[in-house]
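As a plain string of letters, each chain reads:
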Amino acid sequence: MYASSSLNFDFTNCQPVFIWIDSCRMFEKQLVPLNPKYNVTHEEGEFSITENESYVNLTKDYRLNFLALCGRNGVGKSTFLRLLSGRHSHESEYTVCWIDSSGEIACTNSIKLSLHGALVALDSTVHDYALSDLCGNKNLGDYDEENHVRRSLLSVYSNDPALFNLHGTSVFDGFHLDRPTGAVSEIMELERELSEHLGISKRDGVGQLDSIAKSHPTFHVLASIAQDSTFQDLARKGSSKRPLDFETIFRILRDKESDHLDDEINRLIYEGGVQGSHLQRISKGSVSDPQWCRYSIEQYAEIREKVSALSSKVDEWMEKKLRRLKAALWESEHLNLHIWKGRLSKLISFQPYRDYGGKLFHLTDLSDGEYAQIKLLFNLAPMVWPEHACWFHFDDIDDYLHPEWKRSLIQRIATTHFEITSSVAKVTKISRYAEKVNTCIVATHSPFVLSDLPKESVLRFTKDANGKTKIKRADESTFAGNIGELFHTEFFMETTVGEFARRAIKKVIKELENNPNPEIIESASQLFDNVGDEVLRKLLIEKVQRCKELK
């Protein structure tokens, strides 16, 4: 990274200005402005940055700049985000320019550049900063967002609840332990397979294995390695030739050590442990709501350590249990029996909750909108926390959101960002967090997002005849723009009417033009009376009227 002043450039408080893409897959010779505050030009190998005097910063009070990427699927919005965050550098040639709060410039390559008409001399000293260091998403990495949020939520929150308790309200009141949905599905699927494989009738087998697994987690651990036929082989080794039920298999496999481990595990999960009468009724299917052991957020690390220690004990027990079978399988069939370690940890999930008058509300009880807000909070925090992170991005940010949540999305991001940075400044007692300006880049298909931003903050992606992507700022004003028009101008839709409705109307119009008999005219009148758009409905009804007059 080259800077205009090697000593003064502030990497803790800078913003992206532009990216010049010389070549990268679908991009070629592209100059893309990244900050609405500046206009950027490129001529004869020299870049020029000037102030955009017409730009009105609507989000300055939130210490945030917005940039929206729009265009059809497949035009390269996601590729562009990967490029800017340094994840395509090995196969691309490009330059990114940054500016700090003092007006100093830094670039990923040494280039000719002028700022407000004055030539900038980039220092020859190379700073050891990669693009990924400046991108807040680096802290999240590549992951399945849904899985990551649900699995890591409590862990992130327990590290510093004050960072997330906006307005003095706790996000969670506590947590308990439970089996994750995946573990329940896994044991039910295994039950179906074993019912046929071991000759257990479906009537006797349904729900039996899951019922045992609820009370005896060590049995669940053994059953969960059945993908390599271990469970079936274990069952056969100690059985007679007659068909077995799962209770019989369970009695063959259990021992004093597994009973002791089951007690330890269940005392962590349920009030009264495995001996509790409530849990016994759960196993028999007579009740559905267990009496969980409830823990405070402060106990998370302690309970996580206990589960980990028990998981190691179960691994040791399972190793001893399977040692003889493992040797026998290798000797007779040359099969190397694989024993999965850490299975217990995967069969126990940590469930955060809010307590409303004794009734627990979990993540699964939240509406999609409420859960979207939780995800936004927990994704934003690690993005803005790193010292050098100055921008972050959301790809397809409006996916699965209710229209009302799309309409308020930019406001929610801005507000949440302000609250988090203020909270970080308060927790860390580092004032620069309260002064730092970040840039948020969103890839979107929602006109609601565009209507909240000025045209300088909107980048339109299109493909030319050669399949190369062209990127430029929006031509027309988008701020507070008409949603229907934005669908046409920025999202390349042929019409804002549903395709099924469009084809039905087109078919009837064609019939009216070719053969306007009374039956077709009557059918067209009935259809057109149902059209929701007032202007379109009037035009169609007028067309029917003209057909009647001609007839």
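Summary of the structure given here. Starting afresh in each chain, residues are numbered from 1 along the sequence in its written order. Local features in a predicted model are, by the rule used here, given only for residues with pLDDT of at least 70; side-chain atom pairs are given and counted only at 80 or more, and totals for whole chains, interfaces and linings are based on all residues. In computing side-chain properties, one takes all heavy atoms of the structure into account and sets aside hydrogens as well as water.

Here we take up the pattern of salt bridges. A pair can form between side chains of opposite charge whenever their charged atoms are brought close. Whenever Lys or Arg places a side-chain nitrogen within 4 Å of a carboxyl oxygen from Asp or Glu, that contact is recorded as a salt bridge. Applying the stated criterion across every chain yields a total of 13 salt bridges. Of the charged contacts, one joins aspartate 464 and lysine 470 as a salt bridge, the two residues approaching to 4.0 Å between their closest N and O atoms. For aspartate 464, a relative accessible area of 27% gives the class partly exposed. For lysine 472, the salt bridge identified is with aspartate 475, shortest N-O distance 3.2 Å. Relative accessibility decides the category of a residue: with a 1.4 Å probe and only protein chains considered, values under 20% of the type maximum give buried, values over 50% give exposed, and everything between is partly exposed. Of the residues examined, aspartate 475 reaches a relative accessible area of 45% and is grouped as partly exposed.

Helix length check: helix H23 (residues 534-550), at 17 residues, gives a terminal C-alpha distance of 25 Å against a target of 24 Å (1.5 Å per residue), a fit within 8%. Taken together, the buried positions of H23 are occupied by Leu540, Lys543, Val544 and Cys547. End-on, the buried residues of H23 take up no more than an arc of 95 degrees, which puts them together on one face. Residues Val535 and Glu549 are exposed on H23 and point more than 90 degrees away from its buried face. Any two residues having at least one pair of non-hydrogen atoms within 4.5 Å are treated as being in contact. Labels follow the DSSP assignment, with helices taken as runs of H or I lasting at least four residues and strands as runs of E lasting at least two, numbered in each case from the N terminus. The inward-facing, buried residues of H23 contact helix H21 (499-514) and helix H22 (518-528). For a helix, the expected span equals 1.5 Å multiplied by the residue count minus one. What the arc covers is the set of directions going from the helix axis to the C-beta atoms.

Bringing unusual backbone geometry into the picture now. At lysine 29, a position not held by glycine, the phi torsion is positive, near 50 degrees. If you trace the backbone, lysine 29 turns up in strand S3 (residues 27-33). With a relative accessible area of 49%, lysine 29 lands in the partly exposed category. Residues other than glycine seldom take positive phi values, yet histidine 116 does so here, at roughly 55 degrees.

This paragraph deals with the sheet that holds strand S13 (residues 359-361). By the convention used here, strands pair only if DSSP detects at least 2 bridges between them. Taken in spatial order, the three strands make up an open sheet running S11-S12-S13, and their pairing is antiparallel. Each edge of the open sheet is held by one strand with a lone partner, namely strand S11 (174-178) and S13. Within the sheet, the average angular offset between the axes of one strand and its neighbour, ignoring direction, is 50 degrees. One ladder, built from five bridges, connects S11 with strand S12 (residues 349-356); its direction is antiparallel. Across the sheet, the residue bridging to phenylalanine 175 is proline 352, located in S12. Each axis is a line fitted through C-alpha atoms, and for a helix only the stretch in contact is used; angles between axes span 0 to 180 degrees, taken between their N-to-C directions.

Aromatic ring pairs are reported here in terms of the distance separating the ring centres and the angle at which the planes meet. Only rings of Phe, Tyr and Trp enter the pairing, Trp through its six-membered ring, and a pair is recorded when the two centres are within 6.5 Å. The plane angle decides the type: under 30 degrees is stacked, over 60 is edge-to-face, the rest tilted. The full count for this structure, using the stated rule, is 15 aromatic pairs. Aromatic side chains phenylalanine 80 and phenylalanine 461 sit 5.6 Å apart centroid to centroid with 85 degrees between the ring planes, which places their arrangement in the edge-to-face category. Taken as a pair, phenylalanine 80 in helix H1 (residues 77-84) and phenylalanine 461 in strand S16 (residues 458-463) lie far apart in primary sequence, 381 residues in all. Ring geometry for tyrosine 356 and phenylalanine 361: centres 5.1 Å apart, planes at 90 degrees, overall edge-to-face. Relative accessible area serves as the criterion here: at 33%, phenylalanine 361 is assigned to the partly exposed category. Through a chain of ring-to-ring contacts, three or more aromatic side chains come together here, namely Phe175, Tyr295, Tyr300 and Phe350. One cation-aromatic arrangement involves arginine 294 over tyrosine 353; the distance from NZ or CZ to the ring centre is 5.9 Å. Geometrically, a lysine NZ or arginine CZ counts as sitting over a ring once it is within 6 Å of the ring centre and also within 35 degrees of the ring normal. The ring of phenylalanine 361 carries the charged tip of lysine 359 above its face, separated from the ring centre by 5.9 Å.

With their axes 10 Å apart at the nearest point, H21 and H22 run at an angle of 150 degrees to one another. Taken together, H21 and H22 sit at an angle that is classed as roughly antiparallel. The two elements H21 and H22 meet at a crossing, and its hand is left-handed. From H21, Ala504, Ile505, Val508, Ile509, Glu511 and Leu512 reach across to H22, where they touch Ile520, Ile521, Ala524, Leu527 and Phe528. Gly is put with the polar residues, along with every residue not named as nonpolar or charged; the nonpolar set is Ala, Val, Leu, Ile, Met, Phe, Trp, Tyr, Cys and Pro, and the charged set is Asp, Glu, Lys and Arg. Class assignment of the residues belonging to the contact of H21 with H22 gives a composition of 10 nonpolar, no polar and one charged. With respect to orientation, any angle under 35 degrees is reported as roughly parallel, any angle over 145 as roughly antiparallel, any angle of 65 to 115 as roughly perpendicular, and every other angle as oblique. In this scheme, a crossing is called left-handed if the near helix is turned counterclockwise away from the far one by less than a right angle; it is called right-handed if the turn is clockwise.

This paragraph deals with the environment of asparagine 73. You can see asparagine 73 is positioned in the loop between strand S6 (64-70) and H1. Taking the C-alpha atoms as reference points, asparagine 73 and threonine 462, 389 residues apart in sequence, are found 10.0 Å from one another. Residues adjacent in sequence count toward polar contacts only when both atoms are side-chain atoms; beyond that, a polar contact is any pair of N or O atoms within 3.5 Å, and within protein one must be able to donate a hydrogen and the other to accept it. At 3.1 Å, the side chain of asparagine 73 and the side chain of histidine 445 are in polar contact.

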